[in-house]
Amino acid sequence: MDDIESIRYLITALKNPSNENNATAESQILNNIVYFTPRLRDVQVVSQLIQVFFQWKPRWLTIWDIFKASSSIMQWKLEISEPQINIHTFVSLWKQEIGSYRALNCFQISIVAGLVSSHSQLNTLQKQLYIDDSGIAEKELHDLKYRHFLPYWKQQLIIARGNPHQTDDLCVLYSMIHSKLDNDLPHDIIFSNLFDILVDYIKNANMEYSGRNAFAYQHINLLCKTCADSIPHLHNHSELLMGKMITLHDITKKLTAKASLSKKGNYTGKYYTNCLFIVVLLLSGYRPDPSNVSIMTFTLYYISFILQDFGLDGFSAYQSLIHSLCNVTSQDLKIFDSILTGMVSQVSFDMENKVYHSMMLFILEYLQLNMSLLEIPDAQYLTERIEPLIGPLLSSTDIKLRESAHLVWLELYNNDSWKPDIVEFKLKRIRVYLRDCFQGCQKSFMTKEQLLLVWKSMLPIIRHLSNYDINLVRDLIHSTYLNIINSENLEMKSIGIECLVEQLYNCLLYTSPSPRDTQRYRMP
């Protein structure tokens, strides 16, 4: 059977579907539509095939089958770009057929969504290959979304009231072509339904590729983005937002409790990384404030065991989120301390357990990001609340915990509080701390680069503290000198000399105390 006969047969099958058709037969028909439609070179035949496809009412296929087929047709067309029917003519044929309808059913809406989903691919190819110089195809796809898809999609959403499954499907379908610029939408429905689907994903670890939400679970990133982008439109739905946040908090707490039963679990799999993205991206849609920052921080805290396996480098969404949370907590000691107390109380100090180890690292990061900005009430708070937590970890054999503890300690010294008792707290500990750092480097607990970082970070503080203790600079220079002459290791002598040079240059050759250095520290 040649192509012409195959197309005639296909058109006949679409016009007059057999009652004996089953899922396999309908899938074969759909595959043929995907194969032939973007490759045909006769405009009339393409138009006819588009017409019968758009009128087709399959009995066994789902709207996701139709969406994927429509999307594939456009993707193939963009890739092969047959010169006989250019891309803007091809898109115009679809729009002409779609525009002839006054109402669209769910299958037809899914076809339109599939076509529109190719918009970003079209823009990419246009920049690379100039396949749509006229800009007509881009404009037609824009019109298909805003003049055809969204109006009829809203109609179907109204019809689907009382049918939660159909409402879910419509919300997922919209997320396939969502744009942050979309407005005049039922954002409360979109947010609520997509949020529940995402939470169900976290609950049902073994249902990733099965069940009625299987298609949605394959597009977690799009659902998260759509859901998060809906949140700013829900300023009049505070109860809805808080209720969903509590739900997310509770489910992540249960996930953590389950994971903690295994000391050495592996959390790099797709399910866990998807859970991490869901939590971070959903929380990123919220605006932290004193009323919600506690529950948001705890939710992130519970998911930290996945974060440590996944890694932080390049994860800008997480970095932005944790900084926004700490910008709020650092402004209120009561909130900060309440969160800290709650997190510490839930950690079993069994650092062999990966979950508890990750939770401790999160606590240290929380302290680091808050400590330099927090308004510390007095030295007693540092002595009773912070030092007992950080002090033992400064000499921990665990590299991550030890390095994180040092970063917290540096930020504590960098705090811009110069109350007399806090100054005394710093003065009492700075000599011992710097001596211990040098000894730690001798024992390979700290690298040369890290020791130099500590010294360079401390120098502005040393200069300022010397206003309260005139012997501080002399004592530290003398201590460094003794470390040099007493060290038998040539490399340690070299490191000591570098530290001494830094002290001589920055602590003796200056004319006035330097302002607080606000740079965030990071161990090399």
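The structure displayed is predicted, hence computed values, not measured ones.

So, how was this worked out
Residues numbered from 1 in each chain as written. Predicted model: local features only at pLDDT ≥ 70, side-chain atom pairs only at ≥ 80, totals over all residues. Heavy atoms only, no water. Helix = DSSP H or I, 4+ residues; strand = E, 2+ residues; numbered from the N terminus. Buried < 20%, exposed > 50% of the residue type's maximum accessible area, 1.4 Å probe, protein only. Areas by Shrake-Rupley, 256 points an atom, 1.4 Å probe, with all protein chains shown as cover. Lys, Arg positive; Asp, Glu negative; His and termini not counted. Charge placed at Lys NZ, Arg CZ, Asp CG, Glu CD. Phe/Tyr/Trp six-rings, centres within 6.5 Å; stacked < 30°, edge-to-face > 60°. Lys NZ or Arg CZ within 6 Å of the ring centre and 35° of its normal. Expected span 1.5 Å × (residues − 1). Contact = heavy atoms within 4.5 Å. Core = buried A, V, L, I, M, F, W, Y, C linked by side-chain atoms within 4.5 Å. Axes fitted to C-alpha atoms, helices over the stretch in contact; angles between N-to-C directions. Left-handed = near helix turned anticlockwise from the far one by under 90°. Nonpolar A, V, L, I, M, F, W, Y, C, P; charged D, E, K, R; others polar. Patch = residues over 30% accessible without salt bridge, like charges linked within 9 Å, V, L, I, M, F, W, Y side chains within 5 Å. Salt bridge = Lys/Arg side-chain N within 4 Å of Asp/Glu carboxyl O. pLDDT = per-residue confidence, 0-100. Parallel < 35°, antiparallel > 145°, perpendicular 65-115°, else oblique. Disulfide = S-S within 2.5 Å. Polar contact = N/O pair within 3.5 Å; in protein donor to acceptor, adjacent residues only side chain to side chain.

A. Local environment of the overall build of the chain. The secondary structure content of the chain amounts to 25 helices and zero strands. Each of the three principal axes of the chain carries a C-alpha extent, and together these read 95 × 45 × 40 Å. Here the chain holds 524 residues, and 51% of them are scored as buried. For the chain, the accessible area works out to roughly 24,900 Å², and carbon and sulfur atoms hold 52% of it. Distance between charge centres in the chain, computed from 48 positive and 53 negative side chains, equals 1 Å.

B. Structural detail: the packing of aromatic side chains. Within this structure, the stated rule accounts for 25 aromatic pairs. Ring centres of Tyr271 and Tyr272 lie 5.1 Å apart, and the angle between their planes is 70 degrees; on these two criteria the pair is classed as edge-to-face. A residue is classified by how much of its surface remains accessible, and Tyr271, at 11% relative accessible area, is buried. Judged by its relative accessible area of 22%, Tyr272 falls in the partly exposed class. An angle of 25 degrees between the planes, with centres 6.5 Å apart, marks the rings of Tyr413 and Tyr433 as stacked. In this pair, Tyr413 is assigned in helix 21 (residues 399-413) and Tyr433 in helix 22 (residues 420-442), connecting sequence segments 20 residues apart. When its relative accessible area of 0% is taken as the criterion, Tyr413 is described as buried. What links up through ring pairs into an aromatic cluster is the set Tyr201, Tyr217, Tyr267, Tyr271, Tyr272 and Phe305. Looking at Arg39, its charged tip hangs above the ring of Trp76, at a distance of 4.7 Å from the centre. Directly above the aromatic system of Phe90 lies the positively charged group of Lys77, at a separation of 5.4 Å from the ring centroid.

C. Helix 17 (residues 316-329), seen in detail. With 14 residues, helix 17 should reach 20 Å at 1.5 Å per residue; the first-to-last C-alpha distance of 20 Å fits that figure. Lining the buried residues of helix 17 we find helix 14 (270-285), helix 15 (293-302), helix 16 (304-310), helix 18 (333-345) and helix 19 (354-371).

D. Examining the nonpolar core more closely. If you look at the biggest cluster of nonpolar residues, it comprises 179 residues, and the most contacted ones within it are Phe149, Leu300, Leu367, Ile390 and Ile462. At 12 residues, helix 19 tops the list of elements feeding residues into this core. Apart from residues no more than four positions distant in its own chain, Phe149 is found in contact with Ile109, Val112, Ala113, Leu144, Leu173, Tyr174 and Ile177.

E. How the structure looks around the packing of helix 4 (residues 63-80) against helix 6 (residues 106-116). The geometry of helix 4 relative to helix 6 is characterised by a closest axis approach of 7 Å and an angle of 35 degrees between their N-to-C directions. For helix 4 against helix 6, the interelement crossing comes out right-handed. Note on element contacts: helix 6 touches helix 4 through Cys106, Phe107, Ser110, Ile111, Ala113, Gly114 and Leu115, opposite Ile63, Ile66, Phe67, Ser70, Ser71 and Met74. Among the residues forming the contact of helix 4 with helix 6, the class breakdown is nine nonpolar, four polar and no charged.

F. Summary view of the environment of Arg41. By secondary structure assignment, the location of Arg41 is in the loop between helix 2 (23-36) and helix 3 (43-55). Overall, the relative accessible area of 52% leaves Arg41 in the exposed class. Remark: the alpha-carbon pair of Arg41 and Ile85, spanning 44 residues in sequence, is separated by 6.0 Å.

G. Summary view of a nonpolar patch on the surface. A surface patch of nonpolar side chains, amounting to about 260 Å² of accessible area, comprises Tyr481, Leu482 and Ile485. Relative to the assigned elements, Ile485 resides in helix 24 (residues 472-486).

H. Examining the confidence of the model for the chain more closely. Chain-level statistics for the chain give a pLDDT mean of 89 and a share of 94% at 70 or above. Considering each helix and strand of the chain separately, the mean pLDDT is smallest for helix 7 (residues 119-129), with a value of 81, and largest for helix 15, with 97. Across residues 510-518, confidence stays below pLDDT 50; counting only partners more than four residues off in sequence or on other chains, it has 14 contacts.

I. A look at the packing of helix 4 against helix 7. At a minimum axis distance of 10 Å, the contact between helix 4 and helix 7 shows a crossing angle of 5 degrees. For the element pair helix 4 / helix 7, the angle class is roughly parallel. Contacts from Gln75, Leu78 and Glu79 of helix 4 reach helix 7 at Gln121, Leu122 and Leu125. Of the residues contributing to the contact of helix 4 with helix 7, the split by class is three nonpolar, two polar and one charged.

J. Up close: the state of the cysteines. According to the stated counting rule, one finds zero disulfides in the structure shown. In this structure Cys227 is not part of a disulfide, and its nearest cysteine sulfur, from Cys224, lies 7.4 Å away. Here Cys437 stays unpaired: no disulfide links it, and the sulfur of Cys441, its closest cysteine neighbor, is 9.3 Å away.

K. Broad picture of unusual backbone geometry. The residue Asp184 is not glycine, and still its phi comes out positive at about 55 degrees. Structurally, Asp184 can be placed in the loop between helix 9 (164-175) and helix 10 (187-203). For Asp184, a relative accessible area of 63% gives the class exposed. The backbone of Ser444 shows a phi angle near 70 degrees, a positive value even though the residue is not glycine.

L. Inspection of the pattern of salt bridges at higher detail. Tallied over the full model, the rule gives 17 salt bridges. Across the pair Asp436 and Arg435 runs a salt bridge whose closest N-O atoms are separated by 3.1 Å. Asp436 sits in the partly exposed class, given a relative accessible area of 37%. Members of the salt-bridge network, linked through shared partners, are Lys95, Lys139, Glu140 and Asp143.

M. Local environment of helix 12 (residues 220-230). Most of helix 12 is tucked away: eight of the 11 residues are buried. All of the buried residues in helix 12 are Ile220, Leu223, Cys224, Thr226, Cys227, Ala228, Asp229 and Ser230. In this fold, the buried residues of helix 12 make contact with helix 9, helix 10, helix 11 (214-217) and helix 14.

N. Quick peek at the environment of Asn414. Looking at where Asn414 falls in the secondary structure, it is placed in the loop between helix 21 and helix 22. By relative accessible area, Asn414 is classed as buried at 2%. Linking Asn414 and Pro460, residues 46 residues apart in sequence, is a C-alpha distance of 8.8 Å.

O. Looking closely at the side chain of Ser330. Mapped onto the elements, Ser330 comes out in the loop between helix 17 and helix 18. Here Ser330 falls in the buried class, since its relative accessible area comes to 3%. A polar contact is formed between the side chain of Ser330 and the backbone oxygen of Asn327, at a distance of 3.5 Å. With residues near it in sequence (within four places) discarded, Ser330 still touches Asn370, Leu373, Leu374 and Glu375.

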